[in-house]
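# Fold and geometry: a report
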Amino acid sequence: MSTYHVYPTRDLIEHDTETDDCVCGPLTEPVPRDDGSMGWLITHHSLDGREKQEQNR
Ligand SMILES: [Zn+2]
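Residues numbered from 1 in each chain as written. Predicted model: local features only at pLDDT ≥ 70, side-chain atom pairs only at ≥ 80, totals over all residues. Heavy atoms only, no water.

## Here we look at the coordination of the zinc ion
- Around the zinc ion, the protein supplies H15 (ND1), C22 (SG), C24 (SG) and H44 (ND1) as donor atoms, at distances of 1.9 to 2.4 Å.
- Around the zinc ion, the four donor atoms sit at angles spanning 106 to 112°, and that spread fits a shape best called tetrahedral. (Donors = N, O, S within 2.8 Å, 3.2 Å for Na, K, Ca; no water. Tetrahedral: all angles 85-135°; square planar, octahedral: opposite > 155°, others 65-115°.)

## Notes on the sheet that holds strand β1 (residues 2-6)
- The three strands lie next to each other as β1-β3-β2, forming an open sheet whose pairing is mixed. Here the strands that pair on one side only, and so sit at the sheet edges, are β1 and β2 (27-32). Sheet twist, expressed as the average angle between the axes of neighbouring strands with direction ignored, equals 25°. (Pairing = 2+ DSSP bridges. Helix = DSSP H or I, 4+ residues; strand = E, 2+ residues; numbered from the N terminus. Axes fitted to C-alpha atoms, helices over the stretch in contact; angles between N-to-C directions.)

## A few points about the confidence of the model for the protein chain
- When pLDDT is averaged along the protein chain, the result is 85; 81% of the residues meet or exceed 70.
- Within the protein chain, helix α1 (residues 50-56) has the poorest average pLDDT of any element, 57, and β2 the best, 95. (pLDDT = per-residue confidence, 0-100.)

As structure tokens, this is what we get:
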């Protein structure tokens, strides 16, 4: 099973992209892969409020 990490670059913290136990509380979602197997998409959250600022723009 494969795992993909999506995480903000140049964040205030160092994201743990080796496990799914990062301090930012990442969102883990199962995603189907092209060969029919399942993988995991792990979406990390930035801790500097960047996402919130972009949404309010
Ligand atoms: Zn993280």
